[in-house]
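# Observations on the model geometry
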Amino acid sequence: MINNKGLRGYNDCVQGGMKKSKAPSSRRAEIQQLYQCYTSGHTTLPACALLRFLHKEQMELTANEETAESLIDRYEIEETARENRYMTFEGFLRYMESKDCSVFDLAHASVYQDMDQPLTSYFISSSHNTYLTGDQLVGQSHLDAYVCALRKGCRCLEIDCWDGPDMEPVVYHGYTLTTKILFKDVITTVEQHAFEVSAYPVILSLENHCSQEQQVVMAQYLISILGDKLLRTPLDHPTTGDLPSPNDLKYKILIKNKKLKPQIKMDTAGTEAEESVDEGEDEEDDDDEEEDHQSKATFWASRKAGSKIKKKKVVVVAEALSDLVIYTRSVKFISFSHSQDNQNYYENTSMAEKKARKLAKASGANFVQHNQKFLSRIYPAGSRTSSSNYNPQEFWNVGSQLVALNFQSLGLPMDLNDGRFQDNGGCGYVLKPAVLMSSQRSFDPGCSQHSLKPTHLLLKVISGSNLPVPRGGKALDPFVRVEIHGIASDSRRKNTHTVKNNSLSPHWDADMNFSISLTEICLIRFCVRDQTGLLSSDFVGQYTLPFTSLKKGYRWVPLRSRDGCSLDPASLFVFVWYS
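Residues numbered from 1 in each chain as written. Predicted model: local features only at pLDDT ≥ 70, side-chain atom pairs only at ≥ 80, totals over all residues. Heavy atoms only, no water.

We now examine the overall build of the chain. Looking only at helices and strands, one finds 16 helices and 24 strands in the chain. Split into buried and exposed, the 579 residues of the chain put 56% on the buried side. For the chain, contacts bridging at least 24 residues in sequence account for 71% of all contacts bridging at least 6. Summing over all exposed atoms, the chain offers an accessible surface of approximately 24,300 Å²; the carbon and sulfur share of this is 50%. (Helix = DSSP H or I, 4+ residues; strand = E, 2+ residues; numbered from the N terminus. Buried < 20%, exposed > 50% of the residue type's maximum accessible area, 1.4 Å probe, protein only. Contact = heavy atoms within 4.5 Å. Areas by Shrake-Rupley, 256 points an atom, 1.4 Å probe, with all protein chains shown as cover.)

Written out as structure tokens, the structure reads:
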């Protein structure tokens, strides 16, 4: 147990009061007991006492008398109280339930990080098969999927391009019955919504299966529709061997695709034949998701008697499209040593989760070093035909920037993604922690970090409020699960006890202690569940945030639904302390 004045204050003021009465009917009663601790027997809270509360309980150490008075001006509605610089209980309650007392640091709701580092220094919000709204076999492709991803702050979108009728390239999941949309409509949608929620660059990751003729059409659409937003030439300033920064590339759209090698002589069609990849080739030897398409081809072939899987034709890249690839040229991953000796700073690799997981386990430190110099994209295995996701944390742990998820699939992986990227103003770029960028010290996330002094975290889950009940359903039997997602040795979870038949104001008052060696990369997830049986429970709501955005003191946790929407006024009331 962590010994601190704030927790003792809670034990003395709140727990002591509760022992003398029944459990409070709402959070209002808990806040009232806190209020009474600082009014010293009076009915109002003067500015000096409010300041004492801010210092001692909320750990707002930079707060001064002016801070306290500004809170009175903002939250106290009784005119006499405002004039005399004190707070009534109603004003204090209003303050305690405001964003000023959210568990998420409000300073992180705006861009606050250094945005002048190379792109390799950031986690970048990335989507896989962005066009799909459902599964990978018969799901719908829809322009709205691009709009939704961009509005969530996604900065790397995937576009699977195939030859369409009448020289109109189409976007869909090849070898499947997913519906098709026009490439030009996708690009128009991106142009309209690219910078709605973030000024920082958008990367269009092209999975290109088109003929050279239709690639020329694609290039024409990219140029004509995106206009000045499309990055067509390297930036003017001299390169230092690093990629440009998010600030350098504000309001720009980058094309990620294969590119012609300058030393190769063009044929008369202006194309270069790139390496041929058979449909049956192992996923670990390719950088462009062919294993994914092999999986789909096999699926459909098995349903047609005597059907044979054709070998993939030679992939060629048209010069017109190649010319639009500036800082994000896709190349095949061979090995870390090969990349060290041969890969250029403007080249990036892609690999499926299975290969990335093997590399992270066998060569974690090398993976971290690779990602200090180059962009790497991880994507879900082709066998995930239901569009399920892997846990992205394992690849953030090795510093991979473009950890691509199926944004249409709800659940833990997307909760973690939303939590990671609500940081830094939700702009889609989050600076990687220093431990992942240090050239002085080797770091392997798979090894226990015994050399680091652990941070001790205390979370006291006090109560809940207005938990959502299914339509026509009975009151919940709720409990709270707190999860730490970080390097393997830090990741764990703990549960409160279950409160029976109380959705309105369940009270847990449960202490949870965690020891965390690498807080800089950790996410904290609060998940409320309804106990439905001895070993079964249903999701009610959750909230995920980076440890580095966690505020100390008495805080409320806003709950979100499975699809990431606010469940306001549903929330938790917690006390946070770490040292």
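Glancing now at the layout of surface pockets. Here the largest pocket defines a volume of roughly 580 Å³. What lines the largest pocket is a set of 27 residues, and nearest its centre among them are K99, F104, Q422, Y543 and R560. Of all elements in the fold, only α16 (412-421), β23 (553-560) and β24 (566-578) reach the threshold of two or more residues within the lining of the largest pocket. Looking at which element gives the most residues to the lining of the largest pocket, the answer is β23, with 4 residues. Its residues assigned to classes, the lining of the largest pocket shows 11 nonpolar, 9 polar and 7 charged. (1 Å grid on protein atoms, 1.4 Å probe; cavity = no way out; pocket = protein on both sides within 12 Å on 5 of 7 lines; lining within 4 Å. Points joined across faces, edges and corners; volume = space filled by probe spheres on them. Nonpolar A, V, L, I, M, F, W, Y, C, P; charged D, E, K, R; others polar.)

Once that is clear, we can look at unusual backbone geometry. In this structure, the amide linkage connecting D568 to the following residue, P569, adopts the cis form with an omega of 15°. Not every positive phi belongs to a glycine, and D509 is a case in point at roughly 50°. With respect to the secondary-structure elements, D509 resides in strand β20 (residues 507-516).

Take the nonpolar core next. In this structure, I159, F183, L204 and L222 are the most contacted members of the largest nonpolar core, which totals 61 residues. Residue contributions to this core peak at 6 residues, all from helix α9 (residues 212-226). F183 has contacts with I159, C161, P169, V170, V171, L206, M218, Y221 and L222, leaving out every residue within four places of it along the chain. Listed in part, the 33 residues of the second largest apolar core include V480, I516, F547 and V557. (Core = buried A, V, L, I, M, F, W, Y, C linked by side-chain atoms within 4.5 Å.)

Within the sequence span of helix α4 (residues 65-75), burial applies to A68, L71, I72 and Y75. Down the axis of α4, the sector holding all buried residues measures 100°, keeping them to one side. Among the exposed residues of α4, those oriented more than 90 degrees off its buried face are E66 and R74. A side-chain oxygen of the first residue of α4 lies 3.1 Å from the backbone nitrogen of E66; this N-cap is N64. (Arc of directions from axis to C-beta. Polar contact = N/O pair within 3.5 Å; in protein donor to acceptor, adjacent residues only side chain to side chain.)

The next point concerns the pairing of strand β15 (residues 402-405). Of the two faces of β15, both are covered, the one formed by L402 and A404 as well as the one formed by V403 and L405. As paired strands, strand β4 (residues 126-127) and β15 are joined by 2 bridges and run parallel to one another. Residue pairing across strands places S127 opposite L405, the latter belonging to β15. Direction of pairing for strand β14 (residues 376-379) relative to β15: parallel, over a ladder of 2 bridges. Each bridged residue has a counterpart across the sheet, and for R377 the counterpart in β15 is L402. (Pairing = 2+ DSSP bridges.)

This part takes up the pairing of β23. Burial of β23 is extensive: 6 of the 8 residues sit out of reach of the surface. One ladder, built from 7 bridges, connects β23 with β24; its direction is antiparallel. Looking at the pairing, V557 lines up with L572 of β24. Two successive antiparallel strands, β23 and β24, enclose a turn made up of 5 residues, where G564 displays a positive phi of approximately 85°.

In this section: the pattern of salt bridges. Throughout the structure, instances matching the rule amount to 21 salt bridges. Ionic pairing is found between E191 and K229, a salt bridge with its closest N-O pair at 2.6 Å. In this pair, E191 sits in helix α8 (residues 183-193) while K229 sits in the loop between α9 and β9 (253-256), placing the two residues 38 residues apart along the sequence. A residue is classified by how much of its surface remains accessible, and E191, at 23% relative accessible area, is partly exposed. One salt-bridge network, in which partners are shared between bridges, spans E353, R357, R384 and E394. (Salt bridge = Lys/Arg side-chain N within 4 Å of Asp/Glu carboxyl O.)

Time to look at the packing of helix α7 (residues 143-151) against α8. Relative orientation of the contacting elements α7 and α8 amounts to 25°, with a least axis distance of 9 Å. Relative to α8, α7 is oriented roughly parallel. Crossing of α7 against α8: the hand is right-handed. Of the residues in α8, those in contact with L143, Y146, V147, L150 and R151 of α7 are D185, V186, T189, V190 and H193. (Axes fitted to C-alpha atoms, helices over the stretch in contact; angles between N-to-C directions. Parallel < 35°, antiparallel > 145°, perpendicular 65-115°, else oblique. Left-handed = near helix turned anticlockwise from the far one by under 90°.)

Geometry only, nothing functional implied.
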